[in-house]
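Structural description and commentary
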Amino acid sequence: MKAWFRKDYTLAASIIRLHFHDCAVRGCDASILLNYQNSERRAYASRTLRGFQVIDDIKAKLERYCPKTVSCADILTAAARDATNLLGGPFWEAPLGRRDGKTSVAKEADLVPQGRENATSLIKFFPRKRIERSGSGCSLRLYWRNLTQSCKKSSNFVNLDATTPKTFDAEYYKNLGKKKGLLSTDQELYSDPRTAPFVSTFADQPPYLFYSQFAVSMVKLANVKVPTPPNESEIRLNCNYVNPAPRKNVNPPRHG
Ligand code: HEM
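Computed from a predicted structure; not experimentally measured.

1. Quick notes on the layout of surface pockets
- Quantified by volume, the second largest pocket comes out at close to 300 Å³.
- If you go around the second largest pocket, you meet 18 residues; those closest to its centre are R26, D29, R99, V226 and T228.

2. Describing the UniProt feature "active site" (unreviewed entry) in the chain
- Taking the numbering used here, the UniProt-annotated feature "active site" (unreviewed entry) corresponds to H21.
- Overall, H21 belongs to the buried group, its relative accessible area being 4%.
- Here H21 is in contact with I32, E40, A45, L49 and V112, once residues within four sequence places are set aside.

3. Re the packing of aromatic side chains
- Per the stated rule, a full pass over the model turns up eight aromatic pairs.
- Here the aromatic rings of W92 and F214 are separated by 6.0 Å at their centres, their planes lie at 70°, and the arrangement is edge-to-face. Of this pair, W92 sits in the loop between helix 4 (72-86) and strand 1 (100-101) while F214 sits in helix 11 (residues 208-222); the two residues are 122 residues apart in sequence, bridging distant segments of the chain. Take W92 and F214: they sit in the same class, and that class is buried.
- Look at Y173 and F210: their rings are 5.7 Å apart centre to centre, the planes differ by 70°, and that puts the pair in the edge-to-face class. Pair noted here: Y173 is in helix 8 (residues 171-177) and F210 is in helix 11, with a separation of 37 residues, a long-range link. Of the two residues, Y173 and F210, neither departs from the other in class, the shared state being buried.
- An aromatic cluster is present here, built from W92, F168, Y173, F202, F210, Y211 and F214 joined pairwise through their rings.
- K7 extends its terminal NZ or CZ atom over the ring of W4, reaching a point 4.1 Å from the ring centre.

4. Comments concerning the packing of helix 3 (residues 52-65) against helix 4
- In the contact formed by helix 3 and helix 4, the axes pass within 10 Å of each other and the chain directions differ by 120°. By the criterion of interaxial angle, the relationship of helix 3 to helix 4 is oblique. Once helix 3 is placed against helix 4, the crossing between them reads as right-handed. Contacts from I55, I58, K59 and L62 of helix 3 reach helix 4 at C72, I75, L76 and A79.
- When grouped by side-chain class, the residues that make up the contact of helix 3 with helix 4 number seven nonpolar, no polar and one charged.

5. A few points about the nonpolar core
- Membership of the largest hydrophobic core comes to 48 residues, with the highest contact counts inside it found for I15, L18, F20, L33, I55, Y173 and M218.
- Contributing elements (two or more residues each) for this core: helix 1 (2-7), helix 2 (10-24), helix 3, helix 4, helix 6 (119-128), helix 8, helix 10 (196-204) and helix 11.
- Of all the elements, helix 2 adds the most residues to this core, at eight residues.

6. Concerning the side chain of D22
- Residue position: D22 is located in helix 2.
- Despite its burial, D22 pairs with no opposite charge; the closest candidate is R98, at 6.9 Å N-O.
- Setting aside chain neighbours within four positions, we find D22 in contact with G27, C28, D29, A30, S31, I32 and L76.

7. Some points on the UniProt feature "binding site: Ca(2+) 1" (unreviewed entry) in the chain
- Those residues carrying the UniProt feature "binding site: Ca(2+) 1" (unreviewed entry) are D22, V25, G27, D29, S31 and E40 in this numbering. These annotated residues cover 19 residues of sequence, and their C-alpha atoms lie no more than 12.6 Å from one another, placing them together at a single site. Lining residues of the second largest pocket drawn from the annotated list: G27 and D29.
- Secondary-structure assignment places G27 in the loop between helix 2 and helix 3.

8. Quick look at the state of the cysteines
- Here the structure, examined in full by the defined rule, presents two disulfides.
- What pairs with C23 in a disulfide is C28, and their sulfur atoms sit 2.1 Å apart. Its torsion about the S-S bond being 115°, the disulfide of C23 and C28 is classed as right-handed.
- In this model, C72 is linked to C239 through a disulfide, with the two sulfur atoms separated by 2.2 Å. Judged by the sign of its S-S torsion, about -95°, the cystine formed by C72 and C239 is left-handed. Of this pair, C72 sits in helix 4 while C239 sits in the segment after strand 4 (233-234); the two residues are 167 residues apart in sequence, bridging distant segments of the chain.

9. Description of the pattern of salt bridges
- Taken as a whole and assessed by the stated rule, the structure comprises seven salt bridges.
- A salt bridge links R26 to E108; the nearest nitrogen and oxygen atoms lie 2.8 Å apart. Of the two residues, R26 is situated in the loop between helix 2 and helix 3 and E108 in helix 5 (residues 106-109); the sequence distance between them amounts to 82 residues.
- We classify R26 as partly exposed; its relative accessible area is 30%.
- By relative accessible area, E108 is classed as partly exposed at 26%.

Definitions and limits used
- Residues numbered from 1 in each chain as written.
- Predicted model: local features only at pLDDT ≥ 70, side-chain atom pairs only at ≥ 80, totals over all residues.
- Heavy atoms only, no water.
- 1 Å grid on protein atoms, 1.4 Å probe; cavity = no way out; pocket = protein on both sides within 12 Å on 5 of 7 lines; lining within 4 Å.
- Points joined across faces, edges and corners; volume = space filled by probe spheres on them.
- UniProt positions renumbered as here; feature names shortened; annotations may be inferred.
- Buried < 20%, exposed > 50% of the residue type's maximum accessible area, 1.4 Å probe, protein only.
- Contact = heavy atoms within 4.5 Å.
- Phe/Tyr/Trp six-rings, centres within 6.5 Å; stacked < 30°, edge-to-face > 60°.
- Helix = DSSP H or I, 4+ residues; strand = E, 2+ residues; numbered from the N terminus.
- Lys NZ or Arg CZ within 6 Å of the ring centre and 35° of its normal.
- Axes fitted to C-alpha atoms, helices over the stretch in contact; angles between N-to-C directions.
- Parallel < 35°, antiparallel > 145°, perpendicular 65-115°, else oblique.
- Left-handed = near helix turned anticlockwise from the far one by under 90°.
- Nonpolar A, V, L, I, M, F, W, Y, C, P; charged D, E, K, R; others polar.
- Core = buried A, V, L, I, M, F, W, Y, C linked by side-chain atoms within 4.5 Å.
- Lys, Arg positive; Asp, Glu negative; His and termini not counted.
- Salt bridge = Lys/Arg side-chain N within 4 Å of Asp/Glu carboxyl O.
- Disulfide = S-S within 2.5 Å.

Below, the structure written as structure tokens:
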């Protein structure tokens, strides 16, 4: 993660987002990494996701030194934690030991919030994922001021954080107070009475308050699971594909 960060620091934010989009659909099972027609990764809502090559690179190294042991879902969780830390944000114990799913459906990925929803639908989205009723799922979103957003019609990028795009800090909350939030969903959380107290608290209090809340919320996010029968999960060998079915021996040796 450190090596990729040195090459392109914007990948850190992209990895954190990738982890969120993974956990938001079918739990944290690396379903977002599967790459085939009509998989989550090919959904409209996934079109600006980045950082897949970082996970592929980490996985390739792990398969070389410690084969068939570390799931793609765990790699994504650990990479998101390390990415946050590299940006100057907090560090936390990431819950590990999950397995990779075998199913990925584009239609399901399109249910992830896109930035034009109202506060009510955002608040509803997170508890459905069993993250938290208090809305800290949504406030996770607010923590991101480091974020770059690709501009659809040109090769330019625009910073989602209007003033300090390279650092993990609490300035973003202050910017919302100045109406500098780029996404309408962010401004929405500033003005809605159910979420506004989170914004003003994090804007006014020392940054460690939002650091520790962010860490707590990320652990909750990483624990989002959808129960799957044992044969529906595996340790993928390549994060882009489910493992090939074991080959059946068509000509079993004759005995006797
Ligand atoms: C409240 C629900 C959320 C909405 C509506 C939302 C919406 C968006 C949108 C519209 C973008 C810009 C996409 C583009 O490049 O076109 C974005 C980027 C981003 N989001 Fe979210 N998001 C939400 C939740 C989250 C959460 C919970 C996290 C982190 C745990 C997160 C992390 C990020 C990051 C890091 C980026 C920047 C990615 C990059 O620079 O490549 N988002 N989000």
